[in-house]
Amino acid sequence: MTDYHGNVRVGGPAQTHELAQLMITKVAVGPMDNNAYLLRCRQTDEQLLIDAANDAHTLLTLIGNGGISRVVTTHRHGDHWQALGEVVAATGATTVAGRYDAEGIDVPTDELVDDGDTISLGAVGLRVIHLTGHTPGSIALLYDDPKGAPHLFTGDSLFPGGVGNTRGDAKNFESLINDVEAKLFDQLPDETWVYPGHGADTTLGTERPHLPVWRARGW
């Protein structure tokens with residue numbers, strides 16, 4: 001295990017979390033400080049990108065000569081797919097998105113995924129978790145590491161300090177916090193590492209005590 005901390009900044013170096021079977025490299029790109037994650041199976045060297053958010057040059061440099069098999073877009077908001085077309089054109093990667101958000105992504109989606117589906121990456125798998133509220137079809141991706149803690153990529157549905165922005169819509173907030181609580185906090189252990197769509201990483205254990213506060217404040 002490296003001294004990974006997950007604190008990256010636009011224009012700065014990437015950070016790599018070295019797991020027994022998977023390498024996770026995090027980089028920040030674009031004017032909205034988006035996180036993009038390059039995952040590589042250590043057994044097969046197959047790579048997958050989560051959110052081709054911006055700055056195709058940085059992302060393609062990170063990907064390198066090994067290419068990528070898929071790009072997964074966590075949700076439809078434009079800041080998470082500004083570089084998708086250019087990355088796909090350069091790599092030939094298959095595009096993947098949640099069934100209910102694909103229509104809002106300008107680059108066509110090759111594979112629609114639903115809650116409970118598995119996205120294969122070499123010898124490992126990522127489980128799709130559908131979370132409704134930030135957008136209708138937001139997805140999180142779970143890597144349940146057999147050698148350690150689970151690793152969870154949450155897009156804009158969960159951050160340090162709260163769930164994703166629901167723009168004051170009480171119904172969407174209720175949906176999102178219910179899904180986050182039932183599908184993430186109720187199912188996964190405290191040591192689960194959380195990789196959000198913007199900003200710093202966290203763990204479910206760090207955030208769990210604050211769930212009642214989030215629910216009470218309504219955002």
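Since this is a predicted model, take the numbers as computed values, not measurements. (Residues numbered from 1 in each chain as written. Predicted model: local features only at pLDDT ≥ 70, side-chain atom pairs only at ≥ 80, totals over all residues. Heavy atoms only, no water.)

Peer 1: I'd like a description of the overall build of the protein, backed by residues and values.
Peer 2: The helix and strand tally for the protein stands at 5 helices and 15 strands. Its C-alpha atoms give the protein a radius of gyration of 16 Å, within 12% of the compact-globule value 17 Å for 219 residues. For the C-alpha atoms alone, the extent of the protein along its principal axes is close to 50 × 40 × 35 Å. When the 219 residues of the protein are sorted by exposure, 51% land in the buried category. The contacts of the protein with a sequence gap of at least 6 include a subset with a gap of at least 24, amounting to 50%. Split by element, the accessible area of the protein, about 9,300 Å² in all, is 48% carbon and sulfur. (Helix = DSSP H or I, 4+ residues; strand = E, 2+ residues; numbered from the N terminus. Rg over C-alpha atoms; globule rule 2.2 N^0.38 Å. Buried < 20%, exposed > 50% of the residue type's maximum accessible area, 1.4 Å probe, protein only. Contact = heavy atoms within 4.5 Å. Areas by Shrake-Rupley, 256 points an atom, 1.4 Å probe, with all protein chains shown as cover.)

Peer 1: Break down helix α3 (residues 170-185) for me, with residues and values.
Peer 2: Compared with the 22 Å implied by 1.5 Å per residue over 16 residues, the 21 Å span of α3 between its first and last C-alpha is a close match. Taken together, the buried positions of α3 are occupied by Phe-173, Leu-176, Ile-177, Asp-179, Val-180, Leu-184 and Phe-185. The buried residues of α3 all sit within an arc of 160 degrees when viewed along its axis, so they share a single face. Turned more than 90 degrees from where α3 packs its buried face, Ala-170 and Lys-171 sit exposed. The secondary structure elements touched by the buried residues of α3 are β9 (124-130), β11 (151-155), β12 (158-159), β13 (162-163), α4 (204-207) and α5 (211-217). If you check the start of α3, you find a side-chain oxygen 3.0 Å away from the backbone N of Lys-171, and it comes from Asp-169. (Expected span 1.5 Å × (residues − 1). Arc of directions from axis to C-beta. Polar contact = N/O pair within 3.5 Å; in protein donor to acceptor, adjacent residues only side chain to side chain.)

Peer 1: Explain the pairing of strand β14 (residues 193-196) to me, using residue names and the numbers behind them.
Peer 2: Pairing of β11 with β14 involves 4 bridges; the strand directions are parallel. Residue pairing for β14: Leu-152 is matched across the bridge by Val-194. Pairing between β14 and strand β15 (residues 202-203): 2 bridges, direction antiparallel. Bridge pairing in β15 places Trp-193 opposite Thr-203. (Pairing = 2+ DSSP bridges.)

Structural measurements only, silent on function.
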